[in-house]
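Secondary and tertiary structure notes
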Amino acid sequence: MANAEFGTVFFSEMTLASFDGEKWSDASFVPSDRLPMHPAAHVLHYASTCFEGMKAFRANDGAINVFRIDDHIRRMQNSARSLYLPVPDAAQLKSMIIDVLKKFQDQVPVFPGSAYIRPTLIGTDPAIGRAAAPTRTALLYILVSPVGDYFAADAKMRVLLDTDNQRCAPHFGNVKSGGNYASALGLIQKAKEKYNTAQVIFAPNGDVQETGAANCLLINDTEILTKPLNSEFLPGVTRDSLLKAGAKLGYKVTERNISADELMEWIKTGEVALSGTAAVLAPVGEIVYKDETYAVNGGKEPVNAKRLRKYLNDVQQGLETDSFNWVTKI
Ligand SMILES: *Cc1c(COP(=O)(O)O)cnc(C)c1O
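For every chain, the first residue of the written sequence is number 1, and numbering continues from 1 along that sequence. In keeping with the predicted nature of the model, local features appear solely for residues at pLDDT of at least 70, side-chain atom pairs appear and are counted solely at 80 or more, and the whole-chain, interface and lining totals rest on all residues. The basis for every side-chain value is the complete set of non-hydrogen atoms in the structure, without hydrogens or water.

Being near a molecule or strand, for a residue, means having at least one of its heavy atoms within 4 Å of it. Around the ligand lies a shell of 16 residues, among which Lys 176, Tyr 181, Glu 210, Thr 238 and Thr 277 are the nearest. Residues adjacent in sequence count toward polar contacts only when both atoms are side-chain atoms; beyond that, a polar contact is any pair of N or O atoms within 3.5 Å, and within protein one must be able to donate a hydrogen and the other to accept it. Taking Tyr 181, its side chain carries an N or O atom lying 2.2 Å from an oxygen atom of the ligand. A distance of 2.7 Å is found between an oxygen atom of the ligand and a backbone nitrogen or oxygen belonging to Val 237. Method for areas: the Shrake-Rupley scheme with a 1.4 Å probe, in which residue coverage is limited to the protein chains shown. For the ligand, the accessible surface in isolation is 380 Å², of which the surrounding protein chains cover 97%.

This is the structure we're talking about:
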């Protein structure tokens, strides 16, 4: 597992429930390597799908700590509503997550590993005529992947600041749905080919939003600065956690729009980091802007990003007081 690509190894079973057009079935354990689905399934043609990504950690005391489970469940319900998919029942979804973790708890790795939890909801109507209508039936399942550390602790990313393109349709950026990733993929790939960048910070018309799969935070010794939530980008649970942790640690937390020019000015003396469940907070080392490469903060250690990341990691492992009630012990 230690050497496997992130997210390619799974618990042998997952919990699954189905919606028959009227109600959710009871959940059951099923093998995690197959899915009964018609080739005409709504999701395969019209992308009626959303997912979540959260983590469970093996705490110091041996317990399994799930991080912000209720917030992820709420966000999945919001995504389902946006896609006119049947909205999962919060209590059932929570039990499905906890039940599969309990059954395979021996396979939750020790820190810095974790169990990456991927609740997935898909529309299954076998009806290719329903292009402009919602699916009536759906499947909900909880895949779990034991994972190692997503990034080497000191990896510093090279990213493109792109002021020409948008990650996805602006009314849909807050929905955690596969279609948005499909929309960004070609742009990220082209940047990789042209500039050897790992990611793209999308800043359409100069408005700094986020990367393909992570939120963007500007950090220095005194302040954390990021864009306020709107429909154009994903409301990250990690972003929210870092803003709350940052305020507690004494940083001034500011949510306001940031222009590409301001970002480029900021990196002369400040850090930029990308936040998400997989990596928590990954420092950006270099930014490519208008065909030139700029080192972030003179190439200095991203001490503030590391400090914030450590705070979250410590809460997740039970080494730091859980002041915000983020952890659910199973
Ligand atoms: C999931 C995701 C994030 C990060 O959200 P977290 O809740 O922090 O994991 C950021 N941007 C996009 C586009 C995402 O899909």
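That shown, we press on.
Moving on: the pattern of salt bridges. What counts as a salt bridge is simple: a side-chain nitrogen of Lys or Arg found within 4 Å of a carboxyl oxygen of Asp or Glu. This structure, assessed with the given rule, holds 19 salt bridges. A salt bridge links Lys 310 to Asp 314; the shortest N-O distance between them is 2.7 Å. Linking Lys 310 with Asp 314, this pair stays in helix 7 (residues 303–317), spanning four residues, or about one helical turn. Each of Arg 68, Asp 71, Arg 74, Asp 240 and Lys 244 takes part in a single network of salt bridges with overlapping partners. Where helices and strands are cited, they refer to DSSP runs of H or I of at least four residues and of E of at least two residues respectively, numbered from the N terminus.

The subject of this paragraph is the domain arrangement of the protein. Start and end points for every domain follow an automatic or database-based domain assignment. The domains assigned to the protein are domain 1 (13–147) and domain 2 (157–316). Distance between the C-alpha centres of domain 1 and domain 2: 27 Å. The interface is formed by 20 residues belonging to domain 1 together with 19 residues belonging to domain 2. Two parts lose some accessible area (1.4 Å probe) when they are put together, and adding that loss for both gives the buried area. At the boundary of domain 1 with domain 2, total buried surface from both sides reaches about 1,600 Å², with 61% on carbon and sulfur atoms. Sorting the residues of domain 1 by area buried against domain 2 places Phe 51, Phe 67 and Arg 75 first, and these three jointly supply 35% of that buried surface. Linking domain 1 to domain 2 there are one salt bridge. Ionic pairing is found between Asp 240 and Arg 68, a salt bridge with its closest N-O pair at 2.8 Å. Inspection of the domain 1/domain 2 interface yields 10 residue pairs in polar contact (both at pLDDT 80 or more). Elements that contribute at least two residues to the side of domain 1 that touches domain 2 include exactly strand 3 (49–51), strand 4 (54–58), strand 5 (64–67) and helix 2 (69–82). Broken down by element, the side of domain 1 that touches domain 2 gets its largest block of residues, five residues, from helix 2. Residue polarity is assigned by list, with Asp, Glu, Lys and Arg as charged and Ala, Val, Leu, Ile, Met, Phe, Trp, Tyr, Cys and Pro as nonpolar; anything else, Gly included, falls into the polar class. Partitioning the side of domain 1 that touches domain 2 into residue classes produces nine nonpolar, six polar and five charged. The contact criterion used throughout is that any non-hydrogen atoms of two residues lie within 4.5 Å.

Let us look at unusual backbone geometry. Looking along the chain, the bond that leaves Phe 111 and enters Pro 112 is cis, with omega of 10°. Within the fold, Pro 112 resides in the loop between helix 3 (90–103) and strand 6 (114–123). Phi is positive for Ala 47, close to 55°, though the residue is something other than glycine. Here Ala 47 falls in the partly exposed class, since its relative accessible area comes to 31%. Although it is not a glycine, Asn 205 sits at a positive phi angle of roughly 55°. Relative to the helices and strands, Asn 205 is located in the loop between strand 9 (199–202) and strand 10 (215–219). In this structure Asn 205 comes out as exposed when scored by relative accessible area, which is 81%. Note on exposure labels: buried denotes an accessible area under 20% of the residue type's maximum, exposed denotes more than 50%, and partly exposed covers the range between, all computed with a 1.4 Å probe on protein chains only.

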